[in-house]
Amino acid sequence: MHAIITATDLVKQYPGVRAVDGINLSIPQGICFGLLGPNGAGKTTTIEMLEGIHQPTSGAVHYKGEPLGVRYREEVGIQFQHTALQDFLTVRETLKFFERLYTETLPIDEVIELCSLTDILDRDTRKLSGGQRQRLLLALALINDPDLIFLDEPTTGLDPQARRNFWDLVKLVKSRNKTIVLTTHYMEEAYALCDEIAIMDKGRIVSQGTPEQLLKEHFGDVVLQIPGDDAGGKLMQMDIGAVPAGELFEIKTNRLHHTLQQLMDNGINLDRLRIRAWTLEDLFINVTGKEHKL
Amino acid sequence: MKKFLAVLHARNMEFLRDRSALVWNLAMPFMLVFGLAFTFSGDSKDLYKIGVVGGIEQLTQAAPKLPTTQHLQFISYDDLDTAINKVKHHQMDMLIDVSAAPKYWVNTSSPNGYLLERIIWGVGADKFERQVVEGAEIRYVDWFLPGILGMNMMFACLFGVGFVIVRYRKNGFLKRLKATPLGAFQFLFAQLISRLLLVVVITTIVYVGCDLFIDFNMQGSYWTLLLVTTLGAMSLISIGLLVAAHTASEELAGGMLNIVTWPMMLLSGAWFSLEGAQPWVQHIAEIFPLTHMISATRSIMNEGATLAQVMPDVWVLSLTSAVFLGIGAFVFKWE
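S.K.: Describe the overall build of chain B, with residues and values.
M.R.: Helices and strands together make up the secondary structure of chain B, namely 13 helices and five strands. Principal-axis analysis of the C-alpha atoms gives chain B an extent of 80 × 40 × 35 Å. Out of the 335 residues in chain B, the part that is buried amounts to 42%.

S.K.: Got a sec to walk through the pairing of strand β1 (residues 48-53) of chain B? Specific residues and values, please.
M.R.: All names here are of chain B. Burial runs high along β1: five of the six residues are buried. Note that β1 and strand β2 (residues 72-77) share six bridges and pair parallel. By the bridge assignment for β2, Tyr-48 is matched with Leu-72. Taken together, β1, helix α3 (residues 56-62) and β2 form a β-α-β motif whose crossover is right-handed.

S.K.: If you had to explain the interface of chain A and chain B to someone new, which residues and values would you point to?
M.R.: In this complex, chain A contributes 20 residues to the contact, which on the side of chain B involves 18 residues. Taken together, the elements giving at least two residues each to the side of chain A that touches chain B come down to α2 (70-75) and α3 (91-99) of chain A. Here the element with the most residues in the side of chain A that touches chain B is α2 of chain A; it accounts for three residues. Looking at the side of chain A that touches chain B residue by residue, the classes come out as 11 nonpolar, three polar and six charged.

S.K.: How would you explain the environment of Gln-161 of chain A if you had to name every residue and give the values?
M.R.: Turning to its location among the elements, Gln-161 of chain A is positioned in helix α6 (residues 160-174). Counting along the chain gives 33 residues from Gln-161 of chain A to Cys-194 of chain A, while the straight-line C-alpha distance between them is 19 Å.

S.K.: How would you sum up the sheet that holds strand β13 (residues 248-253) of chain A? Please name residues and give values.
M.R.: Residues and elements named next belong to chain A. If you walk across this open sheet you meet the four strands as β12-β13-β11-β14, and the pairing is antiparallel. The sheet is open, and its two edges are formed by β12 (243-245) and β14 (274-276), each paired on a single side. For this sheet the average axis-to-axis angle between neighbouring strands, irrespective of direction, equals 35°. Where β12 meets β13, three bridges bridge the pair, whose relative direction is antiparallel. Across the sheet, Ala-245 pairs through a bridge with Leu-248, a residue of β13.

S.K.: Residue-level account of the packing of helix α5 (residues 130-142) of chain A against α6 of chain A, with values.
M.R.: All names here are of chain A. It is at 10 Å that the axes of α5 and α6 come closest, and there the two elements cross at 15°. The pairing of α5 with α6 is recorded here as roughly parallel in orientation. For the pair α5 and α6, the crossing hand works out as right-handed. Here α5 contributes Gly-130, Gly-131, Gln-134, Arg-135, Leu-138 and Leu-142 to the contact with α6, which in turn contributes Ala-162, Asn-165, Phe-166, Leu-169 and Val-173.

S.K.: Requested: an account of the confidence of the model for chain B, with residues and values cited.
M.R.: Residue and element names in this part refer to chain B. Per-residue confidence for chain B gives a mean pLDDT of 84, with 95% of residues at or over 70. By mean pLDDT, the top-scoring element of chain B is helix α9 (residues 222-243) (93), and the lowest-scoring one is helix α2 (residues 19-39) (71). The ipTM for the predicted assembly is 0.77, set against a pTM of 0.71.

S.K.: Can you lay out α3 of chain A for me, pointing to particular residues and giving the numbers?
M.R.: Because each turn of an α-helix spans 3.6 residues, side chains separated by three or four positions end up pointing in the same direction. For α3 of chain A, the full list of buried residues reads Val-91, Thr-94, Leu-95, Phe-97 and Phe-98 of chain A. The buried side chains of α3 of chain A occupy one side of the element, clustering within an arc of 160° when seen end-on. Each element contacted by the buried residues of α3 of chain A is listed here: α4 (108-114) and α5 of chain A together with α1 (2-17) of chain B.

Thresholds, definitions, all that
- Residues numbered from 1 in each chain as written.
- Chains lettered and ligands numbered in written order.
- Predicted model: local features only at pLDDT ≥ 70, side-chain atom pairs only at ≥ 80, totals over all residues.
- Helix = DSSP H or I, 4+ residues; strand = E, 2+ residues; numbered from the N terminus.
- Buried ≥ 20, exposed ≤ 12 C-beta atoms within 10 Å, placed from the backbone.
- Pairing = 2+ DSSP bridges.
- Right-handed = clockwise from strand over helix to strand, strands pointing away.
- Contact = placed C-beta atoms within 7 Å.
- Nonpolar A, V, L, I, M, F, W, Y, C, P; charged D, E, K, R; others polar.
- Axes fitted to C-alpha atoms, helices over the stretch in contact; angles between N-to-C directions.
- Parallel < 35°, antiparallel > 145°, perpendicular 65-115°, else oblique.
- Left-handed = near helix turned anticlockwise from the far one by under 90°.
- pLDDT = per-residue confidence, 0-100.
- Arc of directions from axis to C-beta.

Structure representation (structure tokens):
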């Protein structure tokens, strides 16, 4: 697949702080690419340089092989994390306003239907719920039928239902062969939507690949969880690497069959044993050394 | 053009639907005009104003006691016709020309002129040749109306545009627009035209509304008045755009706008005439667009000045509009 956008040796230096420290990215067309990282990792600065909002201190961003320019503004769609709209306009008027800023656009009715805005078209934009507002902001990002769409933490602050509805919308957009660059604080969101992720820390990309690849790379084992009240004493005496984790004991192993046999041989009750798969949350903590905080 | 019209329309809608701001923008100038018309309906001047052509020194030689007489204010003029016109409209009580054989002009319908004539006869000016002019008095309300409307326009233009752009920048709306193909000049020009239309329409409504009750003096052309008002508003809006071009702080913008508005409010001649003020004060006042707008509108309304006569003011207003808007667009920051 051809890269739709590339970043080469991207650096952003602020007085006393190097927010982005030599990022190289190549995002293929048609995928959903997730940019993850703890607060202050430099992901917003990186994404805003990719969007063309900020100029890099050094390095370059190319869209379809060209430096960012007027064509980029026409063909990119952006949903910022924090944005305001013109006051006193309805949803329909806001859509029409943005439609008129572009040379080529999708039919406005198509965008309205795609983003499920039909019922709120005549509502003042200041009176929208969080989910409705995010749908409108996505509609504005789609109005010029962009090939590349940036979604910067689009579901932050939404309730679980609205968040899942928004995921369905993003999947629908992606099915139209659009390229999506997503930043998010929610690991399950990244796992549900992204074909490829990059985890940033201290201005650098510390891990990149498909979620499955990365999990496989970083975690060759599984975790067995056994309630402590059943077998705590015995587990601690065994040379099996059991560690307390709240009310449970966890055992990491890459020889599942052998470990299970050891537990049975020592008379450990396995009725309430659970095998937990590693998640992106674990990966995040593993590669950044930080517990993820919402 | 499509982008420009989109921004223009959106901004107009935003303003017109903000009922409280709209009502305030209309009510404020009405209240000011009626309030001041009521307050200053009496004439409480305690000084007699005498214009002098030919210099005070010459006047001292012609009538040595006259310049030292108390309660007389002498104002030098270079142009005899301008000075005579002021006597004609009761803006000055008497004019003395000492550039040749001393003469004085007095308005036969002016009570002040009548009294002043008797005063100067008693201090050695009784031999000056008497000239008579006639003309109706320009009421104080006719004099201050252009100033009040100009002041109101200044606040509407500077704060109306300046604070709106700072708010847009602060809440991220400008950043959102930066992500579109909209250019800075298109955006700023649309803001300028939107505010210009609203200010000119509101000022016209206020003018017509007040005129129904007060019956203003209007000697000149309404078209010339409209042109000067429009250019004045453009110049003031351009200053607002320039002030708001860079900052995201409402406090800083407020401070900067105050720095611009206070000197204009005091020195542009809105409240009182600067005739007789120190020359350096008059030179400073010439810097401000509001001075030119008020001066030109007063000339048009009270003296019937033609477009050609106010052309210097028209040029200054056009030039300042272009310069401030150009610099504003150049230094404009979306974020």
